[in-house]
Amino acid sequence: MAASGNIHPGKTSMFEPVHGSAPPLAGKNVANPFGAILTAAMMLAHLGMTAEAHRIEAVVLEAVRERKTTSDIGGALGTREAGSGWRREWQEA
């Protein structure tokens, strides 16, 4: 679930989950989407959109607390379900 960024002040920076794109898991509905989602939050914070970044982080934290996650962290959802649940939570927040 770890986000990462290669920050280059004043230049283009690159953001991606620590695990990268996880090609071996592509199409299997087993990858945890929260690393990519939290990476988006990191990018937004870097761009000065801190309120939006905090909102994303709060929604992901709530999903983890409620175990609305993939099996790698104790949940029972697939990638699509965890991602869809996150979107619903975001829209309601």
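Q: What's the story with the nonpolar core in this structure? I'm lost.
A: In globular proteins that are soluble, nonpolar side chains generally tend to be buried together. With 10 residues, the main nonpolar core is built from F34, I37, L38, A41, L44, A53, I56, V60, A63 and A82. Elements that contribute at least two residues to this core include exactly α1 (34–46) and α2 (50–65). A total of 5 residues in this core trace back to one element, the largest contributor, which is α1.

Q: Teacher, can you tell me more about the side chain of N29 here?
A: The topology assignment puts N29 in the loop between β2 (14–17) and α1. Accessibility expressed as a relative area gives 19% for N29, which makes it buried. Polar side-chain contacts of N29 include one of 2.8 Å to the backbone nitrogen of R80. A polar contact of 3.3 Å, which involves the side chain of N29, links it to the side chain of E81. Not counting chain neighbours up to four residues away, the residues in contact with N29 comprise G78, T79, R80 and E81.

Reading the values: the criteria
Residues numbered from 1 in each chain as written. Predicted model: local features only at pLDDT ≥ 70, side-chain atom pairs only at ≥ 80, totals over all residues. Heavy atoms only, no water. Core = buried A, V, L, I, M, F, W, Y, C linked by side-chain atoms within 4.5 Å. Buried < 20%, exposed > 50% of the residue type's maximum accessible area, 1.4 Å probe, protein only. Helix = DSSP H or I, 4+ residues; strand = E, 2+ residues; numbered from the N terminus. Polar contact = N/O pair within 3.5 Å; in protein donor to acceptor, adjacent residues only side chain to side chain. Contact = heavy atoms within 4.5 Å.

Keep in mind these values describe shape, not function.
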